Amino acid sequence: DVCSSDLRDGFFFAKPLWQAQVYTLPEYFCRHLGAGVGLASSLVLIPVYLSWVAVQIIALGFFVHSSCGIDLNLAIATVFIVGTGYTLMGGMWAVVMTDAVQSVVLVTGLVILLVSAVYYVNPQSFFMGLQRIIQDSEFSYGEMAPKYPITQSISLLLVGLLGNIPGQDISQRVFSRSEEHTS
């Protein structure tokens, strides 16, 4: 979804938004659709974005609480202070670095999980353990095909592809560029 969103944003939205020389989507809407639409988009986007950020902070706070044994409120407060300070000091570069670190941690965790699961099944041979997991699994590639009519499958795809157009991702990637061709 992230890749398709980035491609969509780059091909269809980045250049016009960058050429408009605006800093936010509500500002763009205000200029092109009127002050009422700009205000309405602000009233919708601000609580949605703040809620999204709050959920991320609370989720990471729960993770720190459960993995380190720190008091939940202290964990959430620490995540908020560190995350906010890091972002304020680093700007867009902090967001990029955070995304990079998150990707490394995610891939590392998945590799550790795979190795641990295979070792649990067969401590003597990685490949025999992996083979057993695959054989004992009830997973079938045929089950990956959607069990919905094609119209529902297309609508689900479009929600993922078009659902975050007014989100903060496009703002970060487009409005932080210094040149039109990089946006």
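Cut-offs applied
All residue numbers here refer to positions counted from 1 along the written sequence of the relevant chain. Where local features are concerned, this predicted model is filtered to residues with pLDDT of at least 70; where side-chain atom pairs are given and counted, the filter is 80 or more; whole-chain, interface and lining totals use all residues. For side-chain calculations, the full set of non-hydrogen atoms in the structure is used, while hydrogens and water are omitted. Ring pairs shown here join Phe, Tyr and Trp side chains whose ring centres sit within 6.5 Å, with only the six-membered ring taken for Trp; geometry is labelled stacked below 30 degrees between planes, edge-to-face above 60, and tilted in between. Numbered from the N terminus, helices here are DSSP runs of H or I no shorter than four residues, and strands are runs of E no shorter than two. Any two residues having at least one pair of non-hydrogen atoms within 4.5 Å are treated as being in contact. Each patch is built from salt-bridge-free residues with over 30% relative accessible area, joining like charges within 9 Å and nonpolar side chains (Val, Leu, Ile, Met, Phe, Trp, Tyr) within 5 Å. The method behind every accessible area is Shrake-Rupley, applied with a 1.4 Å probe, and residues are considered shielded solely by the protein chains displayed. By definition, a salt bridge exists where a carboxyl oxygen of Asp or Glu is found within 4 Å of a side-chain nitrogen of Lys or Arg. Exposed residues in this analysis have more than 50% of their type's maximum accessible area, buried residues have under 20%, and partly exposed residues fall in between, with area computed by a 1.4 Å probe over protein chains only.

Peer 1: How do you make sense of the packing of aromatic side chains when you look at a structure like this?
Peer 2: A ring pair, where both rings are aromatic, is described by two values, the distance of the centres and the angle of the planes. Tallied over the full model, the rule gives two aromatic pairs. Ring geometry for F126 and F127: centres 5.5 Å apart, planes at 85°, overall edge-to-face.

Peer 1: What exactly am I supposed to notice about the environment of L72 here?
Peer 2: Among the secondary structure elements, L72 is positioned in helix α4 (residues 72-121). Taking the C-alpha atoms as reference, L72 lies 6.5 Å from F62; in sequence the two are 10 residues apart. Setting aside residues up to four positions removed in sequence, L72 forms contacts with G61, F62 and H65.

Peer 1: Would you mind going over a nonpolar patch on the surface with me for this structure?
Peer 2: On the surface, V107, V111, L114, V115, F126 and F127 cluster together into a nonpolar patch covering about 560 Å² of accessible area. Broken down by secondary-structure element, the contributors of at least two residues to the nonpolar patch are α4 and α5 (126-136). Looking at the nonpolar patch, the element that brings in the most residues is α4, giving four residues. Take L114: its relative accessible area is 42%, and that puts it in the partly exposed class.

Peer 1: Is there a simple way to explain the pattern of salt bridges in this structure?
Peer 2: When their charged atoms lie close together, side chains carrying opposite charge are able to pair. Counting across every chain of the model gives two salt bridges. Among the salt bridges present, the one from R31 reaches E27, with a minimum N-O distance of 3.0 Å. In this pair, R31 and E27 both sit in helix α2 (residues 25-33), four residues apart, roughly one turn of the helix. For E27, a relative accessible area of 25% translates into the label partly exposed. Between R132 and D136 there is a salt bridge, with the nearest N and O atoms lying 3.2 Å from each other. With a gap of four residues between them, R132 and D136 both fall in helix α5, about one helical turn apart. Residue classification places R132 among the partly exposed residues on the basis of a relative accessible area of 45%.

Worth remembering: the numbers are spatial, not functional.
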